[in-house]
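Residue-level structural notes
In case you want the letters, here they are:
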Amino acid sequence: MNRPAEPELITFGCRLNAAESETLRRLADGAGLTDIAVVNTCAVTAEAERQARQAIRRLRRERPSATIVVTGCAAQIDPAAYTALLEADRVLGNAEKLDPAVWRSLAQGPRQRVGDIMCIAPRPTLAVSEQRSRAFLEVQQGCDHRCTFCVIPYGRGNSRSATLDEVVERARTLVRAGVSEIVLTGVDLVSWGRDLPGSPALADLLAGLLHDVPALPRLRLSSLDPAALDGVFVRLFATEKRLMPHIHLSLQAGDDLILKRMKRRHSRAQGLEIVARLRAARPEASFGADLIAGFPTEDEAMFSRSLALIDEAGLDFVHVFPFSPRAGTPAAQMRPVAPAVVQARAGRLRDAAARAQAAFLARQVGQPASIVVERSGRRGIAENFAPVILDRPAPPGTIVTAWIHGLERDALAGTLLAAAAA
Ligand code: SF4
């Protein structure tokens, strides 16, 4: 089946990739490229790479005449492997994919254009994936840390930040376009500002943004490194009601020796302590975390400390990652846990996570909630990140109040009370 000649984007991985894919679509359009398909890859797990290869082969079958471009972190880290794929016409690095000149000269250019991301790392593009109601805004790129399981720095380069002025300008544009909630994204969001004059901190960005864009109803944060959250951040979280009461932390594990072997910058106790401080500052807040199951050398006792973290920290949303050895990382050289044990532990974490999320949702019943309405008009997101299904449609992008009267599938069921602000 031959598909219509129009730019097609297939995106894997994080919100950053999602935001950048919107930019890639505009760049392809701008270069007048129609019969083109772009696969924006992720390198965080072997599974993500397997799915990307599968998508590339399927695209070639379904669109034999299309130009297939492969980019993203997997292509940046191992360009030769993707250039060797006969189905791929062009392989672009993470810097090259954001360069309009590369798209204008795509047809004449070499099959592979992948530079050294550590040298030519582009500044954040302030890429936005906009869904009328909520926009993911990239304000930081790359990472200066070298956690032993992670390949992201090799795909994204070192940390660099968009300036406050650039972010404010972008946010004003989004608010004028009717966006009610901006989600700030980055690879290592807490390191925003370290590369800027005076080394401002993330809290400075948040305070500046909320001050300079008073019309922005809701500001949300993507994943945060617990090690970098200080008293200034906690105070801001306590006082700024437009900063959404939901914090997602990259905790990764609940055992100190495993955290040390991961080269994380926090201990189990410090992880618990920052959650407790943030919860004391904002009792209505919800908490999420990333947890890895089956990191090399993890034994049952170590794993049980990760499992227990879900209840001890009172986590409501948990993203579980079965450990996936990545070539070139120190963790790939460590004594592995048997794959079946890795999967079994991931399953136990997911079961505990599902129980925690169900309990969290059940606690919302019998209360009102302020919800940003998403594209469908019937679903939305509450301030504490709970998904809500409305009993009747409301205009996408608006903020409404609903009475939470029960649960519906994996979400809350809400009776629409009033439209707050368009
Ligand atoms: S902080 Fe660690 S896990 Fe996160 S992107 Fe950087 S190296 Fe990877």
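As a reminder, the structure under discussion sits directly above these lines.
The structure displayed is predicted, hence computed values, not measured ones.

Remarks on the overall build of the protein
When you go through the protein residue by residue, the secondary structure sums to 14 helices and 19 strands. Relative to its length of 422 residues, the protein is compact, with a C-alpha radius of gyration of 22 Å against a globular reference of 22 Å. With respect to the three principal axes, the spread of C-alpha positions in the protein is 60 × 55 × 50 Å. The buried share of the protein, taken over its 422 residues, is 55%. The long-range share in the protein, meaning contacts at least 24 apart out of those at least 6 apart in sequence, stands at 70%. Summed over all atoms, the accessible surface of the protein reaches about 17,200 Å², with 56% contributed by carbon and sulfur.

Description of helix α8 (residues 164-176)
Look at α8: 18 Å from first C-alpha to last across 13 residues, which is about the 18 Å you get at 1.5 Å a residue. Restricting attention to buried positions, one finds in α8 the residues V167, V168, A171, L174 and V175. Projected down its long axis, α8 carries its buried residues within an arc of 125°, all on one side. The outward face of α8, more than 90 degrees from its buried face, is lined by the exposed residues D165, E169 and R176. Looking at the residues trailing α8, positive phi occurs at G178, about 100°.

Some words on the packing of helix α9 (residues 202-212) against helix α10 (residues 231-239)
Relative to each other, α9 and α10 sit at 30°, their axes nearing to 9 Å. Considering the angle they form, α9 stands roughly parallel to α10. Pair α9 / α10 crosses with left-handed handedness. Between α9 and α10, the contacting residues are L202, A203, L206 and A207 on the first element and V232, F233 and L236 on the second. When its residues are assigned to classes, the contact of α9 with α10 shows seven nonpolar, no polar and no charged.

Analysis parameters
- Residues numbered from 1 in each chain as written.
- Predicted model: local features only at pLDDT ≥ 70, side-chain atom pairs only at ≥ 80, totals over all residues.
- Heavy atoms only, no water.
- Helix = DSSP H or I, 4+ residues; strand = E, 2+ residues; numbered from the N terminus.
- Rg over C-alpha atoms; globule rule 2.2 N^0.38 Å.
- Buried < 20%, exposed > 50% of the residue type's maximum accessible area, 1.4 Å probe, protein only.
- Contact = heavy atoms within 4.5 Å.
- Areas by Shrake-Rupley, 256 points an atom, 1.4 Å probe, with all protein chains shown as cover.
- Expected span 1.5 Å × (residues − 1).
- Arc of directions from axis to C-beta.
- Axes fitted to C-alpha atoms, helices over the stretch in contact; angles between N-to-C directions.
- Parallel < 35°, antiparallel > 145°, perpendicular 65-115°, else oblique.
- Left-handed = near helix turned anticlockwise from the far one by under 90°.
- Nonpolar A, V, L, I, M, F, W, Y, C, P; charged D, E, K, R; others polar.

Purely geometric stuff here, so don't read any function into it on its own.
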